[in-house]
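Observations on the three-dimensional arrangement
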Amino acid sequence: MSAEKRLGMGPIPTSPEMYINEKQVDGMSILKKFGWRLVCIRRPRIGGVSTLLKHSHERGIGILGEDGVLRIRPEIKVRR
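Residues numbered from 1 in each chain as written. Predicted model: local features only at pLDDT ≥ 70, side-chain atom pairs only at ≥ 80, totals over all residues. Heavy atoms only, no water.

A few words now on the overall build of the protein. Helix and strand counts for the protein come out as one helix and four strands. Counting from the amino terminus, the protein carries its helices and strands in the arrangement α-β-β-β-β. With 80 residues in all, the protein has 32% of them scored as buried. Accessible surface for the protein amounts to roughly 6,200 Å². Of this, 54% is attributable to carbon and sulfur atoms. (Helix = DSSP H or I, 4+ residues; strand = E, 2+ residues; numbered from the N terminus. Buried < 20%, exposed > 50% of the residue type's maximum accessible area, 1.4 Å probe, protein only. Areas by Shrake-Rupley, 256 points an atom, 1.4 Å probe, with all protein chains shown as cover.)

A word on the pattern of salt bridges. The tally for this structure, following the rule as stated, stands at one salt bridge. Residue Asp67 is joined to Arg71 by a salt bridge in which the shortest nitrogen-to-oxygen separation is 2.7 Å. Here Arg71 falls in the partly exposed class, since its relative accessible area comes to 39%. (Salt bridge = Lys/Arg side-chain N within 4 Å of Asp/Glu carboxyl O.)

Time to look at the side chain of His55. Along the chain, His55 falls in strand β2 (residues 50-55). A relative accessible area of 11% places His55 in the buried class. Those residues in contact with His55 that sit more than four places away from it in its chain are Phe34, Gly35, Trp36 and Gly60. (Contact = heavy atoms within 4.5 Å.)

The next subject is a nonpolar patch on the surface. A cluster of nonpolar side chains, namely Met18, Tyr19 and Val49, defines an oily patch on the protein surface of about 310 Å² accessible area. Owing to a relative accessible area of 35%, Tyr19 belongs among the partly exposed residues under this scheme. (Patch = residues over 30% accessible without salt bridge, like charges linked within 9 Å, V, L, I, M, F, W, Y side chains within 5 Å.)

This part is about the side chain of Thr51. By the element assignment, Thr51 lies in strand β2. Relative accessible area serves as the criterion here: at 1%, Thr51 is assigned to the buried category. Setting aside chain neighbours within four positions, we find Thr51 in contact with Ile20, Gln24, Leu38, Cys40, Ile41, Gly62, Ile63 and Leu64.

Okay, the confidence of the model for the protein next. Of the residues in the protein, 86% have a pLDDT of 70 or more, and the chain-wide mean is 83. No element of the protein has a lower mean pLDDT than strand β1 (residues 36-42), at 91, and none a higher one than helix α1 (residues 22-32), at 95. (pLDDT = per-residue confidence, 0-100.)

Looking now at the pairing of strand β3 (residues 61-64). Here β2 pairs with β3 via four bridges, running antiparallel. When the bridges of β3 are listed, Leu52 appears paired with Ile63. Connecting β2 to the next strand, β3, in antiparallel fashion are five residues. As paired elements, β3 and strand β4 (residues 70-72) share three bridges and run antiparallel to each other. When the bridges of β4 are listed, Gly62 appears paired with Ile72. (Pairing = 2+ DSSP bridges.)

Below, the structure written as C-alpha cells:
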C-alpha cells in the first residue's frame, strides 16, 4: 500500500476558487453543464497547480489550463 501524498489535504479543497484563476472558474462552470466535474486540484509544494476534470459519462480526463480551456489527457491516472 502506498503512503498518502496529500498529507491531510483532500483532493478537492474546500474553496477551489482560492487555487484557480477567474478564467478557470468560468471555464469550469461552463464545462459542468456538459458533464465535466472537478476530480482534484493537484497542489505540489514546488511548481504550479493542476486542475483535473473528468467527464461523468465518458472516460475522459483533462487538465483545465490557466486560459480556462480543457485539454483532454487520457494518459493521466487518478487515485480512487
